[in-house]
Every structure is written in C-alpha cells, then in structure tokens.
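One-letter residues, chain by chain:
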Protein chains: 2
Amino acid sequence: MKKIIALFLLNSIVGFAQNPDEKQLAAIYKSALTESKCYNWLDHLSNVVGSRLSGSEGAQKAVAYTKLQMESSEAFDKVYLQEVMVPKWVRGEKEIGYFLDGKKKTAVPVCALGGSIATPKAGITAEIIEVQSLEELKALGTDKIKGKIIFFNRPMEASKIETFHSYFEAGDQRRAGAKEASKYGAVGAIVRSLTLRLDDFPHTGWMGYGDIPESQYIPAAAISTNGAELLSKTLKNNPKLLFHFKQSCRKEADVLSYNVVGEIKGSEHPEKVMVVGGHLDSWDLADGSHDDGAGCVQSMEVANIFKNIGFKPKNTLRVVLFMNEENGGRGGQKYQELALKNNENHIFAMESDSGGFAPRGFSLQSDAVNFKKITAWKNLFEPYYVHVFSEGHAGSDIEPLTSSKIVKAGLLPDPQRYFDYHHAQNDTFDAVNKRELELGAATMTSLIYLIDTYGIE
Amino acid sequence: MKKIIALFLLNSIVGFAQNPDEKQLAAIYKSALTESKCYNWLDHLSNVVGSRLSGSEGAQKAVAYTKLQMESSEAFDKVYLQEVMVPKWVRGEKEIGYFLDGKKKTAVPVCALGGSIATPKAGITAEIIEVQSLEELKALGTDKIKGKIIFFNRPMEASKIETFHSYFEAGDQRRAGAKEASKYGAVGAIVRSLTLRLDDFPHTGWMGYGDIPESQYIPAAAISTNGAELLSKTLKNNPKLLFHFKQSCRKEADVLSYNVVGEIKGSEHPEKVMVVGGHLDSWDLADGSHDDGAGCVQSMEVANIFKNIGFKPKNTLRVVLFMNEENGGRGGQKYQELALKNNENHIFAMESDSGGFAPRGFSLQSDAVNFKKITAWKNLFEPYYVHVFSEGHAGSDIEPLTSSKIVKAGLLPDPQRYFDYHHAQNDTFDAVNKRELELGAATMTSLIYLIDTYGIE
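The rules behind each value
Residues numbered from 1 in each chain as written. Chains lettered and ligands numbered in written order. Predicted model: local features only at pLDDT ≥ 70, side-chain atom pairs only at ≥ 80, totals over all residues. Heavy atoms only, no water. Domains from an automatic or database assignment. Contact = heavy atoms within 4.5 Å. Buried area = accessible area lost by both parts, 1.4 Å probe. Salt bridge = Lys/Arg side-chain N within 4 Å of Asp/Glu carboxyl O. Polar contact = N/O pair within 3.5 Å; in protein donor to acceptor, adjacent residues only side chain to side chain. Nonpolar A, V, L, I, M, F, W, Y, C, P; charged D, E, K, R; others polar. Helix = DSSP H or I, 4+ residues; strand = E, 2+ residues; numbered from the N terminus. Expected span 1.5 Å × (residues − 1). Buried < 20%, exposed > 50% of the residue type's maximum accessible area, 1.4 Å probe, protein only. Axes fitted to C-alpha atoms, helices over the stretch in contact; angles between N-to-C directions. Parallel < 35°, antiparallel > 145°, perpendicular 65-115°, else oblique. Left-handed = near helix turned anticlockwise from the far one by under 90°. Phe/Tyr/Trp six-rings, centres within 6.5 Å; stacked < 30°, edge-to-face > 60°. Lys NZ or Arg CZ within 6 Å of the ring centre and 35° of its normal. Pairing = 2+ DSSP bridges.

(A) The arrangement of the domain arrangement of chain A in detail. Residues and elements named next belong to chain A. The assigned domain composition of chain A is domain 1 (20-88 + 253-454) and domain 2 (92-248). Taking only C-alpha atoms into account, the centre of domain 1 sits 34 Å from that of domain 2. Domain 1 puts 17 residues into the contact, and the matching count from domain 2 is 19 residues. Between domain 1 and domain 2, a total of about 1,500 Å² is buried, with carbon and sulfur atoms accounting for 66% of that surface. Run the count over domain 1 and domain 2 and you get zero salt bridges. For the pair domain 1 and domain 2, the number of links is five residue pairs in polar contact (both at pLDDT 80 or more). Looking at side-chain class alone, the side of domain 1 that touches domain 2 contains seven nonpolar, seven polar and three charged residues.

Written as structure tokens, this is what we have:
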C-alpha cells in the first residue's frame, strides 16, 4: 500500500461531530485514543502481576494493584473492596500426556481442566475411545466404555461467524464430558481444546462433576488441537493404542478474596446505580490479558475518560472488578447479595469479557422498549465502526444482578481471534492491540454516557 | 469468560439464509471458512518465497509460484503472464544510525526509504534539526538548514478511527521530505516511521525526488518511533548533537517482471470483464504478509470459492496479481495499457490492499446510481459483520483502469492494526489470522457474485 488516498471516506473523522451527543462521543473516543491509561494498566496486570486464578497470590496482588490505581486516579469518589470467599484450585505439577502406538511413544500437550481431580501419582494408562458428542457415550454404553479413557474430539464449528456460539456448543464436552463419561465407567476424559486454530496449546477452562458421588470423579484434561488431530489419526490405524496422562491438581480450602469497586456518586440520582465491569481473576496458564484483564482495564478507563472530558454522571457509576468468574462466579453473586441487602436500585449493568479486540457493538439484555431506545443510538456509533446491537447474553458476572428495572449490555468485540488465546498460555499482553483495547473502552463509555443522559424507561 | 450463553444473538448464524442471494452468501462464507486455500498459499508466499521487492529474486519466485497454484487449482480457464518492466532498487548493507550527545553514542534503528540514494561510504554526520512539517522547512530557511540533517517527526494522528487518513496525512514527510529539505541545502532526511505504535521497527516505503536535479538528491531514512522519541527528547537538551547514518542502497537497471492473471471466461457476457486483485510485490524488510500477500491470496481464493460452490460467473472474471505497486505502479499501468490496446470492456474492479484483517466493508469509486445499487445490498452483508459502504479510493493498482462505465471497490478490513506492520520487518505470516483472512476473501467474493448477478447500471 503505497499511497492510499482515502480522503473521500465518510463517517470516519473524529471532530466532524455536530449535535451534543456526537460531540460528546467524539470527545470520548479522542480521549481514549490519546490519553488513556488502560494499556499501561494492562501491561502491569499482565507482565508484573501475571496470572490471577482465584485464591492465588496473583489474584490478591491484582486486587491491591487495581485498588491502588483506582484510588490514585482521582476519578472516583470512593474505592472499596467487597469481601468474597472463593474456591481455590491448584494445578500442581506440569501435566504429562502421551500415547503408545505399539512401542512408539508420542507426547501430546495436555493440561488439567479447572476443577478436575488429579490422576493417581503414576498417572492413568488405558485404552482410549474417541467420541464426537455426549450422546455418543450413551450409544457406546458401559460395556465399551468401562475402564477406558474417553476422548471428546468434536471441533468447534468453523463456519459460524459468531465464534462464541461455536464455543458454547462444543463446550459441552469440556463442561460435562468427564461427568457423563464417568457414568459409564470411564477412567478419564481427554477433551479437544476449544479453539478454532490448529496449534500446540491446550486450553483449560471450567468443568464440573455435577451431583455424581465424589468416588466416581474421574480426571479430565484438555489436549491441544494438533495433539487431538494426531491422536485421532493414529487411533484410526490402531484402536487399541494406550493413552497416558498424569496430573496432580487439587482443590484447597476456600480463600478470602475481593471484588474491587470504584464509585462515582451520581450528581442528580445518586440512588440509581450503573455498573461497568470485568473479572479480575484469570486462568493460571497465562496473563489472561484478553480474558479478562482487558475488560478490567477498560472498565477502569470509563471513569478515567469521564474525568478527562469533565463529564459528571447524573447517576451513580460503579466500576466493579469481579473476582472468581472463571471457576465459581462468587464475585458476581456477592455483588448481587450486597445490592439486595442494601436495597440498591440498579438501572444498568455492562460487562466486557469477550477480549480486547476492536469493538463491533453490544449484546443487550433488555425489554423491548429500552432495546428500541438503545438501538436508536446506532447512528452515533457508526463513525467508530460500531454497528451491532443485538439481543443476547450480557455477561456472567452481571447475570445474577436483579433490580426492579435493569438493562444489561455486554461489549461485543470482534469475535474472530478470541479463541486463539482463550484459557491458553498465549493469552498474553502482546496479543492485545493498544488501539483496539482503547476503542473498546471508548465504546463502553459512550453507551454509559447515553444511558446516564437519557435514562432507561 | 466461562460460559457465555450468546444463544440469542441474531444475525450471525450461517445457514439461516432464505432468499437466493442470502443462500449464496452463506455458501460463500462457509466455503471460505471451511475449505479455503488462501491461508496455506500465504504461508508459502511468506515463509518459502519471502520478501518480494520488484526486480528481486523473491518477486520472480512469487510469479512462478502463484501462476503454478492458479494453474493447478482448476478454477480458471486460462492463466497467463503480462510482461512489465519494473524498477529495481536494492537496499544494500544493513543501515547504521546513531546520535552523538557529547561523547555518548546512542544507536537508533533506521532503514533507507525506498528510492533513496546512498550516503557516502563513510556515512553522513551532521547536526540535525527536528521539524513537524514541510511548511516548517520554509520558515527555517536555507540559513538554518544548510549542511544539516532534517528530522521529520510529526506523528500519525492517533485520534482518527481511519488510520489510513492519518497515514496519508503524516506521509507527506516520507514521500517528499528529502526532496523539500534538499531545496534548503539539507544533507539528509530522517523520517519518523509511519506507525501509531511506539516500537523499534523502522518502516520503509516509497519516497521520490520529483524534478530536482540528481546532483541535489540527499539520502533519506526512516527511524523507529521509539528512536524518534528518544532523539527528539535528547535534542531538546542538546540541540547541537550530531546525527550519523549510513546506507548503501542503489537503483539498478529495470528488470522484466510480470503481472499474473487467471481468467474465468464469462458464460453469458465474456466481453464484460470483472477484475479482482492485489499486488504481488512487497517491500524487502519482511514477508509482506499483510502488504499485500493477503490481497493476492484472497483474490485467488475468490475463484477457488466459485469453483467450490459451483458458481459460474456470467461475466469474465480475472484475478490479477499486480507487480510493482510499492515503488512504481508499473503493473497497474501495464494492465490498463493492455486493456486499452485490446479494446476491453471492464465493468468492475476490486482490490484488496489494506491487510488481511477482519473485513468491515468496501470503499467504492462509483457513480451515484451504482453506489445506491450496491449499498442496497448492505443487509446481505450484515450477518457477516460487514457494514461499511463508503465512497473512497478503491486501490492503487486499479486506479489507472478506465472503461466506458466501471465501478471500483476496495476491501476495507479493520484498520486498527495495519500500520503496526506496514512496510516493517514484522509484517510476517504470524501477524495474519486465518479466519480474518478468509472472511475478507468471502466478503470480496460476495460482492463480485452480486455484481456478476445484477450487473452495473
């Protein structure tokens, strides 16, 4: 590209704004792109604090760091912590996985799924059966499954634009694979990583045993997609090959942790509360820069932008960094518990927990009247390449939150790259683009500005 | 992100299509995301062929490779080359740059701008004056400039969403800085790299001396943004510091090279031609995966998708990989020259030369009637997160092309990350996301399908 002369491109120049809302959005985006702190905050959270699994030292450091940053930002009237007891799961030693095809031993990248039990110290070695779904287990039955490892290998559906749909659909294998396989006497579960890439990173994530007796728990691990492809191919030639994996993860006693809250008191309606947040915990394999360091620093940036442009919200604004989204959801539950206890009136809640990519729009949980009201603002966002206003899930941490009347919104960043990094060791700071992160923060701030200005019906 | 339940998201599931166009676009996107070749082609072009500056061995290998791939793809009726003489500029030895602040020597990353002359063998050492614009030169005048190096340090404007605007505006320093500085007796030009990031990569790119006498040519180099910041800061304390740079680049005799053309003969109107292309040449510092390997393989993919979904265009479709976009534009000129000579009737031309990022829309050069006709198709693209249909420059290679009536379109990928890589050593294969590349190809194919089906007015 030598000399693109895109001078005629419309809809794209900050500063062409006319009406007060257009001007305010222009100021918000300009502030985000020229004087934001979110990228530096994320740098620290990722590269100094590091991974932040609930109950870990990293999680505690993250609480202290973000609280201090919010306090020193001068953007808040008060900053405080909400105590919350969180589960503590520890990975233990690096996992080992390989298969034996006759005498040939082939190592494959595996990692324990969060919440899984350990294998016996020597690991588990058994025949392994590939299935594509939970339903297939039933068809195979106990006779064929007993004593074996089950290999769940249904890939995420590549043809969908909405990668989160593909993730959710294929995710039943990770969430419930071990539990279901155990019912037929399986001794372990190996689950294809939930990513659309073919690579060598195993992707962890939450799994549960539901209400099966603890004696029937079996260990579960993720295998990288390249590992899964190789294993599947080799199995076709030798269905009797032996799979081995070894992991020493364990559950420890619950730990006292915190949601971090920064509050700007509303100038006109202090009793009406708007919440914006992300989750401060991450998985343990990486920095969790996209999941969800990005959402935390973007939420903090909302208050910073308001300070920079001199905007004082009429309603109370709370920036909430929730603890324990990944393996328990305790922070979100605690926030709701305290809101109920204090008789709070929440009118709006927003979450950013889909990565720090270029913002495309919002996923809204709203009644029809407010949905229509919000979508009428679409044209204000178009100059910033933000077009999608759809009905859908807004966020796990704000899911428990109830109020007499509340609208919820989830930031929708571009969804194509998220699962390249999600819950894997490459979810690191260098995978986040500064401008994309900042544009997400500006997009969040803009909707909050509009909600604050025009209220909900 | 543990358990996003985005099941209610609308507008996003391939397969919900109803009318024939919706179905055809669904088939196109599905083919791109599940059976495309473009990512593998790009892998080869980047990692086996490598950089492809006009006249280089890499450029010739790229011609041979893409011709062979098009021939063996069975997607074309014929594949051929168009001879074109291209300029050859050679970088020579790795450049050296440093400044001397008293006795302290600080190295900074520099690279010669494409088209620049060399420094004397020993390099140039001189005082250096920072300016923010070409206008500032005039104000300084010959007295202050003579014998000095001029340091053009105006950054790209971060507040604009359209990074291509910022690039074009700040780019006058690179394109014309040396030429203008020479008029006031400067001995060299150092230009801040055209990127919005702060990093250590110097970004090359075309510069020209216009019509000043060859005896007045002065060498020009880019400096990394971090280097520029450091130099600027140090200059404020010591305006007399000495800057040194050394480069051995040279211009050689023109070389015979080629545009690569693959053609599908139109089933109803073979005399009406649609063109889709990118440029096969790149700068020499990296693989040129985004600029413009991506555009080449996406253009090739258009024909591959048509083959896969069994679509035969009514009009003739040509995939054209243009040579020498970066430093001459000879391939685009040659294509037009031959089109004129052969009395061809082009109805449509599309270029992809803005990187292999998630597609956001098109930049259209069209009369009002066809602009309206094309924008009426917007709703067909929305399920694929493609929303922007704006008037603007379509592409450098198709710029020379004229016809009695022609519509031109440039693919608009998300513009935030492009200049992180543009013309620098990090424009490599790993910076391209497979799905984003594929979605771009599908978006291009979809518009070509619609143009082919409904024609232009």
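The structure having been displayed, the exposition proceeds.
(B) Broad picture of helix H1 (residues 20-35) of chain B. Residues and elements named next belong to chain B. The end-to-end C-alpha distance of H1 is 21 Å, a good match for the 22 Å that 16 residues give at a rise of 1.5 Å each. Those residues of H1 lying buried are Asp-21, Leu-25, Ala-26, Ile-28, Tyr-29, Ser-31, Ala-32 and Leu-33. For H1, the capping residue at the N-terminal end is Asn-19, with a side-chain oxygen 2.9 Å from the backbone nitrogen of Asp-21.

(C) Representation of helix H7 (residues 225-237) of chain A within the structure. Its 13 residues give H7 of chain A an end-to-end C-alpha distance of 19 Å, which sits within 8% of 18 Å, the value for a rise of 1.5 Å per residue. Residues of H7 of chain A that are buried make contact with strand S2 (96-101), strand S5 (124-131), strand S6 (149-152), strand S7 (188-192), strand S8 (220-223) and strand S9 (242-246) of chain A.

(D) Geometry of the pattern of salt bridges. Residue and element names in this part refer to chain A. All chains considered together, the criterion is met by 46 salt bridges over all chains. With its nearest N and O atoms 2.8 Å apart, the salt bridge here joins Lys-67 to Glu-71. Of this pair, Lys-67 and Glu-71 both sit in helix H3 (residues 57-72), four residues apart, roughly one helical turn. By relative accessible area, Lys-67 is classed as partly exposed at 24%. The salt bridge involving Arg-91 is made with Glu-95; its shortest N-O contact spans 2.7 Å.

(E) Geometry of the packing of helix H2 (residues 38-49) of chain A against helix H8 (residues 289-309) of chain A. All names here are of chain A. For the pair H2 and H8, the least separation of the axes is 9 Å and the interaxial angle reads 140 degrees. Regarding the angle of H2 to H8, the classification is oblique. Here the hand of the crossing between H2 and H8 comes out right-handed. For the pair H2 and H8, contact is made by Cys-38, Trp-41, Leu-42, Leu-45 and Ser-46 and by Ser-289, Gly-293, Ala-294, Val-297, Gln-298, Met-300, Glu-301 and Asn-304, respectively.

(F) The arrangement of the side chain of Asp-199 of chain B in detail. Residue and element names in this part refer to chain B. In this fold, Asp-199 is placed in the loop between strand S7 (188-192) and strand S8 (220-223). Of note is the side chain of Asp-199, whose polar atom sits 3.1 Å from the backbone nitrogen of Phe-201. Filtering out sequence-adjacent residues up to four positions away, Asp-199 remains in contact with Ser-224, Thr-225, Asn-226 and Asp-420.

(G) Spotlight on the packing of aromatic side chains. Applying the stated criterion across every chain, the model contains 36 aromatic pairs over all chains. Here Phe-311 of chain A and Tyr-449 of chain A contribute two aromatic rings whose centre-to-centre distance is 5.3 Å and whose plane-to-plane angle is 75 degrees, an arrangement assigned as edge-to-face. Placement of the pair is Phe-311 of chain A in the loop between H8 and strand S12 (315-322) and Tyr-449 of chain A in helix H13 (residues 434-454), with a sequence separation of 138 residues. Each of the two residues, Phe-311 of chain A as well as Tyr-449 of chain A, counts as buried. Here the aromatic cluster, defined as three or more aromatic residues joined through ring pairs, consists of Phe-164, Tyr-167, Phe-357, Tyr-418, Phe-419 and Tyr-421 of chain A. In this arrangement the basic side chain of Lys-105 of chain A is found over the ring face of Tyr-98 of chain A, its NZ or CZ atom lying 4.3 Å from the centre. Between the NZ or CZ atom of Arg-175 of chain B and the centre of the ring of Phe-168 of chain B, over which it lies, the distance is 4.6 Å.

(H) The arrangement of the interface of chain A and chain B in detail. Between chain A and chain B, the residue contacts involve 66 residues of the former and 66 residues of the latter. Across the chain A/chain B interface, buried area totals approximately 5,900 Å², and carbon plus sulfur atoms make up 62% of it. Linking chain A with chain B are two salt bridges. Glu-436 of chain B is the partner of Arg-417 of chain A in a salt bridge, and the nearest nitrogen-oxygen pair spans 3.0 Å. There are 14 residue pairs in polar contact (both at pLDDT 80 or more) connecting chain A and chain B. Every element with two or more residues in the side of chain A that touches chain B is listed here: helix H1 (20-35), helix H5 (163-170), strand S14 (359-365), strand S15 (388-391), helix H12 (418-421) and H13 of chain A.

(I) Region of interest: the pairing of strand S13 (residues 345-351) of chain A. Residue and element names in this part refer to chain A. The element S13 is largely enclosed, with a buried count of six among its seven residues. Pairing of strand S11 (residues 269-279) with S13 involves six bridges; the strand directions are parallel. Note that in S13 the partner of Val-275 across the bridge is Ala-349.

(J) Spotlight on the sheet that holds strand S10 (residues 250-264) of chain B. Residues and elements named next belong to chain B. Judged by pairing direction, the sheet is mixed, and its eight strands sit side by side in the order S1-S10-S12-S11-S13-S16-S14-S15 without closing on themselves. Every other strand in the sheet has two partners, leaving strand S1 (78-90) and strand S15 (388-391) as the edge strands with one partner each. The mean inter-strand angle of the sheet, taken between neighbouring strand axes irrespective of direction, is 20 degrees. Most of the contacts of helix H8 (residues 289-309) go to strand S11 (residues 269-279), to which it runs at about 145 degrees, and overall it touches S10, S11, strand S12 (315-322) and strand S16 (407-413). With respect to the sheet, helix H10 (residues 368-375) is in contact with strand S14 (359-365), S15 and S16, its orientation differing from that of S15 by roughly 170 degrees.

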